[in-house]
Amino acid sequence: MNGQVLIVTGTGTGVGKTVVTAAVAALALATGRRVAVLKPAQTGVARDEPGDLDDVARLAPGVTGRELGRYPDPLAPATAARRAGLPPVTPAAAAAAARDLAADHDLVLVEGAGGLLVRMTDDGTLADVAVLPGAPVLVVATAGLGTLNTPR
Ligand SMILES: Nc1ncnc2c1ncn2[C@@H]1O[C@H](COP(=O)(O)OP(=O)(O)OP(=O)(O)O)[C@@H](O)[C@H]1O
Ligand SMILES: [Mg+2]
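1. Notes on the environment of Gly65
So, step 1. As for its placement among the helices and strands, Gly65 is situated in strand β3 (residues 64–71).
So, step 2. Taking relative accessible area as the criterion, Gly65 reaches 42% and is therefore assigned partly exposed.
So, step 3. For the pair Gly65 and Asp52, spaced 13 residues apart in sequence, the C-alpha to C-alpha distance is 9.6 Å.
So, step 4. Not counting the four nearest positions on each side in its chain, Gly65 is found in contact with Val37 and Leu53.

2. Things to note about the coordination of the magnesium ion (ligand 2)
Under ideal tetrahedral coordination, the four donors around a metal are separated by 109.5 degrees; under ideal octahedral coordination, the six donors are separated by 90 or 180 degrees.
So, step 1. The magnesium ion (ligand 2) binds to the protein through Thr18 (OG1), Asp52 (OD) and Glu111 (OE), with metal-donor distances spanning 2.1 to 2.2 Å.
So, step 2. Donor residues binding the magnesium ion (ligand 2) come from one chain and are separated in sequence as T-x33-D-x58-E. In this pair, Asp52 sits in helix α2 (residues 52–59) while Glu111 sits in strand β4 (residues 107–111), placing the two residues 59 residues apart along the sequence. Here Asp52 matches Glu111 in class, with each residue buried.

3. So, α2
So, step 1. Among the residues making up α2, those that are buried are Asp52, Leu53 and Val56. Around the axis of α2, the buried residues are gathered within 95° of arc, so they sit on the same side.

4. A closer look at the sheet that holds strand β2 (residues 35–43)
So, step 1. The parallel open sheet is built from five strands, whose spatial order is β3-β2-β4-β1-β7. The open sheet terminates on both sides in strands that have one partner only, identified here as β3 and β7 (137–140). Sheet twist, expressed as the average angle between the axes of neighbouring strands with direction ignored, equals 20°.
So, step 2. One ladder, built from five bridges, connects strand β1 (residues 4–10) with β4; its direction is parallel. By the bridge assignment, Val8 is partnered in β4 with Glu111.
So, step 3. Across the sheet, helix α1 (residues 17–30) lies against β1, β2, β4 and β7, angled at about 175° from β4, the strand it touches most.
So, step 4. Sheet strands in contact with helix α4 (residues 91–103) are β1, β2, β3 and β4, and its direction is about 160° off that of β2.

Conventions we followed
- Residues numbered from 1 in each chain as written.
- Chains lettered and ligands numbered in written order.
- Predicted model: local features only at pLDDT ≥ 70, side-chain atom pairs only at ≥ 80, totals over all residues.
- Heavy atoms only, no water.
- Helix = DSSP H or I, 4+ residues; strand = E, 2+ residues; numbered from the N terminus.
- Buried < 20%, exposed > 50% of the residue type's maximum accessible area, 1.4 Å probe, protein only.
- Contact = heavy atoms within 4.5 Å.
- Donors = N, O, S within 2.8 Å, 3.2 Å for Na, K, Ca; no water.
- Arc of directions from axis to C-beta.
- Pairing = 2+ DSSP bridges.
- Axes fitted to C-alpha atoms, helices over the stretch in contact; angles between N-to-C directions.

Written out as structure tokens, the structure reads:
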């Protein structure tokens, strides 16, 4: 693995993970780095609808996008996969994809679905994806007073 893997998670859904991912990607691209964004499991959008990677491509042109699984229900990936009758994306598969992208990119940003401990499979979460390549985690939060102390 050559490039750096960075896991982007948040204190919830809709807190700005995709926008922060795109901002970090755009900054790295502007300094000449090769950047990929991996969205292991995209939930809440149909097959023919735009997903988070479309936002990233619009905000950070030149980025490589990779999505491993798509499930229409706006639920935790494990539940959404079960309801769709599709196999879930395992943390091991996500970590392997991140490693593959890191072979020919300087920076690989991995955007989770919801928060760090949302189930990807019955016994796996985004935290497991972070552990596999030993990647740092960037937590996106709302800017409200007391956010750091809010139990989630
Ligand atoms: N810093 C910001 N200022 C204003 N609007 C923002 C900011 N960050 C994000 N938004 C808006 O908030 C909404 C949610 O942002 P975003 O899609 O990045 O969240 P997310 O955490 O990735 O959501 P999801 O959980 O669905 O993946 C979007 O409409 C986005 O344009
Ligand atoms: Mg998002």
